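Per-entry structural report
Residues per chain are reported as follows:
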Amino acid sequence: MKYINAAEVLPEKLLKEIQTYVDGGVLYIPKTSAKKGWGSVSGSRRFYQKRNQEIQFLYENGYSLEALSKQYGLAHSTLKKIIYG
């Protein structure tokens with residue numbers, strides 16, 4: 001994040017108003033754009049949803065937790081969360 005001097009970008013009236021609240025302090029101003037959800041840009045959310053559906057399907061069709069653990073490299077507790085969650 002780049003530091004910007006408020007006196008260089010804000011109108012004087014607005015700067016004086018802000019100084020009544022934050023005189024000499026550091027103020028963070030968040031972006032106006034909405035934050036994207038986890039995994040929505042990289043596609044990882046879709047990947048894990050598909051994987052979890054496969055795990056649920058395989059378990060329902062007779063695969064054991066041990067077999068799924070070896071196939072997907074996941075702990076039994078993680079598999080239980082996916083299957084029963």
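Okay, so let's go over this structure. What you see is a predicted model; the values in this text were computed from it and never measured.

**Observations regarding the pattern of salt bridges**
Inspection of the entire model under this criterion finds two salt bridges. With its nearest N and O atoms 3.9 Å apart, the salt bridge here joins K16 to E12. Residue K16 and its partner E12 are both found in helix α2 (residues 12–21); the two are separated by four residues, about one turn of the helix. Residue E12 is classed as exposed on the basis of its relative accessible area of 57%. Residues E54 and K50 are paired through a salt bridge, measuring 3.4 Å at the closest nitrogen-oxygen approach. Pair noted here: E54 and K50 are both in helix α3 (residues 44–60), with a separation of four residues, about one helical turn. Among the residues examined, E54 registers a relative accessible area of 33% and is labelled partly exposed. On the basis of relative accessible area, K50 is assigned to the exposed category, the value being 52%.

**A closer look at helix α4 (residues 65–72)**
All of the buried residues in α4 are L65, L68 and S69. An end-on view of α4 places all buried positions within 105° of arc, on one side of the element. On the buried face of α4, the contacting elements are α3 and α5 (76–84).

**Things to note about the packing of α3 against α4**
Contact geometry for α3 and α4: axes closest at 10 Å, N-to-C directions at 150°. On the basis of the axis angle, α3 is roughly antiparallel to α4. Relative to α4, the crossing made by α3 is right-handed. Judged by residue contacts, R51, E54, I55, L58 and Y59 of α3 engage L65, L68, Q71 and Y72 from α4. Across the contact of α3 with α4, the residue classes break down as six nonpolar, one polar and two charged.

The rules behind the values
Numbers given for residues are sequential positions, taken from 1 along each chain in its written order. For a predicted model such as this one, the threshold for reporting local features is a pLDDT of at least 70, and the threshold for listing and counting side-chain atom pairs is 80 or more; totals across whole chains, interfaces and linings nevertheless cover every residue. In computing side-chain properties, one takes all heavy atoms of the structure into account and sets aside hydrogens as well as water. Put simply, a salt bridge is a Lys or Arg side-chain nitrogen that is within 4 Å of an Asp or Glu carboxyl oxygen. Helix and strand assignments follow DSSP, with helices taken as H or I runs no shorter than four residues and strands as E runs no shorter than two, numbered in order from the N terminus. Throughout this description, buried means an accessible area under 20% of the type-specific maximum (1.4 Å probe, protein chains only), exposed means over 50%, and partly exposed covers the range between. Taken from the helix axis, the directions to the C-beta atoms give the arc we talk about. Any two residues whose heavy atoms approach within 4.5 Å at even a single point are treated as in contact. Only the stretch in contact is used when fitting a helix axis, every axis being a line fitted to C-alpha atoms; angles between N-to-C directions are given from 0 to 180 degrees. Note on angle classes: values under 35 degrees are labelled roughly parallel, values over 145 roughly antiparallel, values of 65 to 115 roughly perpendicular, and the remainder oblique. Handedness of each helix crossing follows the sense of rotation of the near helix against the far helix: counterclockwise by less than a right angle gives left-handed, clockwise gives right-handed. For this classification, Asp, Glu, Lys and Arg are treated as charged, while Ala, Val, Leu, Ile, Met, Phe, Trp, Tyr, Cys and Pro are nonpolar and the rest, including Gly, are polar.

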